[in-house]
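Each chain is listed here by its residues.
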Amino acid sequence: MKKKTVLIILLVMGLVFAMTACGGSNETSGSDAQSTPAAGSSVSFQTTDLEGNTVQSEDLFAKNEITMINIWGTFCGPCINEMPELEEINREYADQGVAIVGLLVDVTESDDSMLPDAQEIIEDTGVTYPSLKGWDGFEDQLPAPGVPMTYFVDSSGKLVGEPVLGADVTLYRQTLDDLLQN
């Protein structure tokens, strides 16, 4: 009887995880990819958005008190399902100095074969916040053992708060509220 109960609990936990996060991308590998950087670590990059415009992290972060970086993939159902709610958060928190930026794991500077799929998803979900192509080595600064994976960055490019693995809009709001109060 106890083995059956343990098995049921494990199955339920696995199902919950499967419903809130997709497995890691092929961009992320090795043991370093499984650990997240400490708060206070710097994030710095140059990449392009999905329209081909150059994006410098320093310029992006300086515009906002907090930038929420939501790492997602075109293959990830939970990522796509949360996008309309992320758009709502982006609009709701804009006057408080918060912005959301998407970061794709499967549309990168070196491989944008999934770009048409990403653009279609963005159009279908009504997202207006920018999505960026992954740059070479982004997973070293922002590891994603699964997606969606969300990081929070202050105006100077330092990681703040705890990253969130999985689609948890309530936790995103709570983290933003806590960060804005401090």
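Residues numbered from 1 in each chain as written. Predicted model: local features only at pLDDT ≥ 70, side-chain atom pairs only at ≥ 80, totals over all residues. Heavy atoms only, no water.

*Asks:* I would appreciate a short explanation of the state of the cysteines in the present structure.
*Replies:* Note: disulfide means a covalent bond formed between the sulfur atoms of two cysteine side chains. Counting across every chain of the model gives one disulfide. Across the disulfide from C76 sits C79; the S-S distance is 2.5 Å. On the S-S bond that ties C76 to C79, the torsion sits near 80 degrees, and the link is right-handed. Each of the two residues, C76 as well as C79, counts as buried. (Disulfide = S-S within 2.5 Å. Buried < 20%, exposed > 50% of the residue type's maximum accessible area, 1.4 Å probe, protein only.)

*Asks:* Before we go on, may I ask you to explain the side chain of D154 in this structure?
*Replies:* Along the chain, D154 turns up in strand 8 (residues 149–154). Buried charge without a partner: D154 forms no salt bridge, and the closest opposite charge is K158, 7.1 Å away. A polar contact of 2.9 Å, which involves the side chain of D154, links it to the side chain of S156. Not counting residues within four places of it along the chain, the set of residues in contact with D154 comprises F61, E65 and V160. (Helix = DSSP H or I, 4+ residues; strand = E, 2+ residues; numbered from the N terminus. Lys, Arg positive; Asp, Glu negative; His and termini not counted. Salt bridge = Lys/Arg side-chain N within 4 Å of Asp/Glu carboxyl O. Polar contact = N/O pair within 3.5 Å; in protein donor to acceptor, adjacent residues only side chain to side chain. Contact = heavy atoms within 4.5 Å.)

*Asks:* How should I be thinking about the sheet that holds strand 8 in this particular structure?
*Replies:* The strands making up a sheet are joined through hydrogen bonds of the backbone, oriented either antiparallel or parallel. Pairing is mixed across the open sheet formed by five strands, whose spatial order is 6-5-4-8-9. Among the strands making up the open sheet, the edge pair consists of strand 6 (131–134) and strand 9 (159–165). Geometrically, the sheet is characterised by an average inter-axis angle of 25 degrees between neighbouring strands, direction not taken into account. The pairing of strand 8 with strand 9 spans four bridges and is classified as antiparallel. Bridging from a neighbouring strand, M149 pairs with L165 of strand 9. Here helix 3 (residues 77–93) sits on the sheet and contacts strand 4 (66–72) and strand 5 (98–108); the angle it forms with strand 5, its principal contact strand, is near 150 degrees. Helix 6 (residues 169–181) rests against strand 4, strand 5, strand 8 and strand 9 of the sheet, and its axis sits at about 155 degrees to strand 4. (Pairing = 2+ DSSP bridges. Axes fitted to C-alpha atoms, helices over the stretch in contact; angles between N-to-C directions.)

*Asks:* Any chance you could explain the packing of helix 3 against helix 6 here in plain terms?
*Replies:* Angle between the axes and distance between the axes: these two values describe a pair of packed helices. Running from N to C, helix 3 and helix 6 point in directions that differ by 20 degrees, and their axes come no closer than 10 Å. Between helix 3 and helix 6, the angle is such that the two are roughly parallel. Considering the relative orientation of helix 3 and helix 6, their crossing is right-handed. Counting all contacts with helix 3, which are made through E82, E85, L86, E88, I89, E92 and Y93, the residues of helix 6 involved are V169, Y172, R173, L176, D177 and L180. (Parallel < 35°, antiparallel > 145°, perpendicular 65-115°, else oblique. Left-handed = near helix turned anticlockwise from the far one by under 90°.)

*Asks:* Whenever I open this one, the environment of T47 confuses me. Can you help?
*Replies:* Following the sequence through the fold, T47 ends up in strand 2 (residues 46–48). Residue T47 is classed as buried on the basis of its relative accessible area of 2%. Residues T47 and W135, 88 residues apart in the sequence, show an inter-C-alpha distance of 5.8 Å. For T47, the contacting residues outside a window of four places in its chain are N53, T54, V55, E109, L132, K133, G134 and W135.

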